[in-house]
Amino acid sequence: MGLPRFGRPKNGVELSPNLYVANCGPAVGISHDDIASVFCKFGELKGVYAADESGTRVIVSFSEEGSAQSAFKALDGTPCPELGGRSLHIRYSVIQPTPKDEVSDMVPVSINASELSIPGLYLVHNFISAKEEEELLQAVDSRPWNSLAKRRVQHYGYEFRYDIRNVNTRHCLGELPSFVSPILERISSCPTFKSAEHIVLDQLTVNEYPPGVGLSPHIDTHSAFEDLIFSLSLSGPCIMEFRKYENGDWHTKVASSAVSEGGSPEDDSNFLRKAIYLPPRSLLLLSGEARYAWNHYIPHHKIDKVNGRVIRRASRRVSFTFRKVFILLMKCGFTPILHNNTMGLFWKTMILYF
């Protein structure tokens, strides 16, 4: 079950066991536990929830309506010494029905990739230094950005075409920029990425996300890129969620999907969910099952919850995504096809003749 949804009473004066409390919250240094310690004096609490993404407004939910009424009368508009002397602004709030198609946000967030038990998923913390991070950001900021609907991008090596959801392998933009050469060398020599020792990554997409902007669930196009996909997080943190759809025909839906602005196979709500926290300067690898069998996406949040901590998104998050472009040679090529059988997931290669 996800968190309850709250809203204003229809008539504006309806009593309720739930209180909307403004001028307190994690964004001003007041934790939900601090708030609970003040309000629990008036009766049994069901919980303290974020009212929105601001971090300065909460919902305090009591078990009894009378407890909420007592707290309202005692605390509304009055400086509260236990909460830094802040004057609380309170009104009643009521639970609203949750849409049937809404997906719960209550998914545990892991810090390490091993905790997710997704084959082919790896995360290396502090893959680069703070100085290297600053130099990379300065390098891309000195170059022109292309604006999409909600974020900005740069492409190197090959351009990803969002209109056709693929790359034009006949149009090479040139070698990857020299400022990422140390990153590529470190990837090839990193013990965690043994499968990357001999791969030549030739495509780089730089994404800049403002606060609250993420990515819809997707799997990077099979026919455009090979197995290994590396994503370096810079400047700001985020949560990345993974979804594995149970519907047997989802493979055909996402096999041609791409890193897009919109559509995703969310018409089927029957899926597994796992999530991981990506701190700045960390490098994520998607390969094998993690690459082909799990949709990945970034929730459109300004605030993330990680093991009880509330973490605000930074003013920007920049990701460097490195891939190897899948190129068809001499009228034939190889496309990875994913199959399920009693032995699990395995690869089958099919030669395409033209």
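Residues numbered from 1 in each chain as written. Predicted model: local features only at pLDDT ≥ 70, side-chain atom pairs only at ≥ 80, totals over all residues. Heavy atoms only, no water.

Within an unreviewed UniProt entry, the label attached to the protein chain reads Alkylated DNA repair protein ALKBH8 homolog isoform X1, and the organism entered is Arachis duranensis. UniProt's Sequence similarities (unreviewed entry) comment on the protein chain is quoted here verbatim: "Belongs to the alkB family." (UniProt positions renumbered as here; feature names shortened; annotations may be inferred.)

Quick look at the pattern of salt bridges now. Tallied over the full model, the rule gives 12 salt bridges. Put simply, R316 and D141 hold a salt bridge, and the shortest N to O gap is 3.0 Å. Of the two residues, R316 is situated in the loop between β22 (309-312) and β23 (317-325) and D141 in helix α3 (residues 130-141); the sequence distance between them amounts to 175 residues. Given the relative accessible area of 17%, R316 is considered buried. (Salt bridge = Lys/Arg side-chain N within 4 Å of Asp/Glu carboxyl O. Helix = DSSP H or I, 4+ residues; strand = E, 2+ residues; numbered from the N terminus. Buried < 20%, exposed > 50% of the residue type's maximum accessible area, 1.4 Å probe, protein only.)

Take the sheet that holds strand β16 (residues 225-234) next. Across the sheet, which stays open at both edges, the 7 strands sit in the order β9-β19-β16-β23-β14-β11-β10 with antiparallel pairing between neighbours. Looking along the sheet, the strands with just one partner apiece sit at the ends: β9 (121-124) and β10 (146-147). In the sheet, β9 pairs with strand β19 (residues 283-286) via 4 bridges, with the strands oriented antiparallel. By the bridge assignment for β19, Y122 is matched with L285. Of the strands in this sheet, β11 (152-156), β14 (203-209), β16 and β23 are in contact with α3, which crosses β16 at around 105°. (Pairing = 2+ DSSP bridges. Contact = heavy atoms within 4.5 Å. Axes fitted to C-alpha atoms, helices over the stretch in contact; angles between N-to-C directions.)

So, on to the environment of H32. Positionally, H32 belongs in helix α1 (residues 32-39). Using a relative accessible area of 17% as the deciding quantity, one classes H32 as buried. Considering only alpha carbons, one finds H32 and A50, 18 residues apart in sequence, at a separation of 8.5 Å.

With respect to the element layout, S110 can be found in strand β8 (residues 109-110). Here the side chain of S110 touches E115 through a polar contact of 3.4 Å, side chain to side chain. Each residue touching S110, except ones within four places of it in the same chain, is listed here: E115, L116, A275, I276 and Y277. (Polar contact = N/O pair within 3.5 Å; in protein donor to acceptor, adjacent residues only side chain to side chain.)

Locating P211 in the fold gives a position in the loop between β14 and β15 (215-218). Among the residues examined, P211 registers a relative accessible area of 35% and is labelled partly exposed. Placed 104 residues apart in sequence, P211 and S315 show a C-alpha to C-alpha distance of 5.8 Å.

Looking now at empty space enclosed by the protein. Taken as a whole, this structure holds 3 cavities of 30 Å³ or more when the rule is applied. Roughly 160 Å³ of volume is contained in the largest cavity. Lining the largest cavity are 17 residues, and of these L215, S231, M240, H296 and T321 lie nearest its centre. When grouped by side-chain class, the residues that make up the lining of the largest cavity number 8 nonpolar, 6 polar and 3 charged. (1 Å grid on protein atoms, 1.4 Å probe; cavity = no way out; pocket = protein on both sides within 12 Å on 5 of 7 lines; lining within 4 Å. Points joined across faces, edges and corners; volume = space filled by probe spheres on them. Nonpolar A, V, L, I, M, F, W, Y, C, P; charged D, E, K, R; others polar.)

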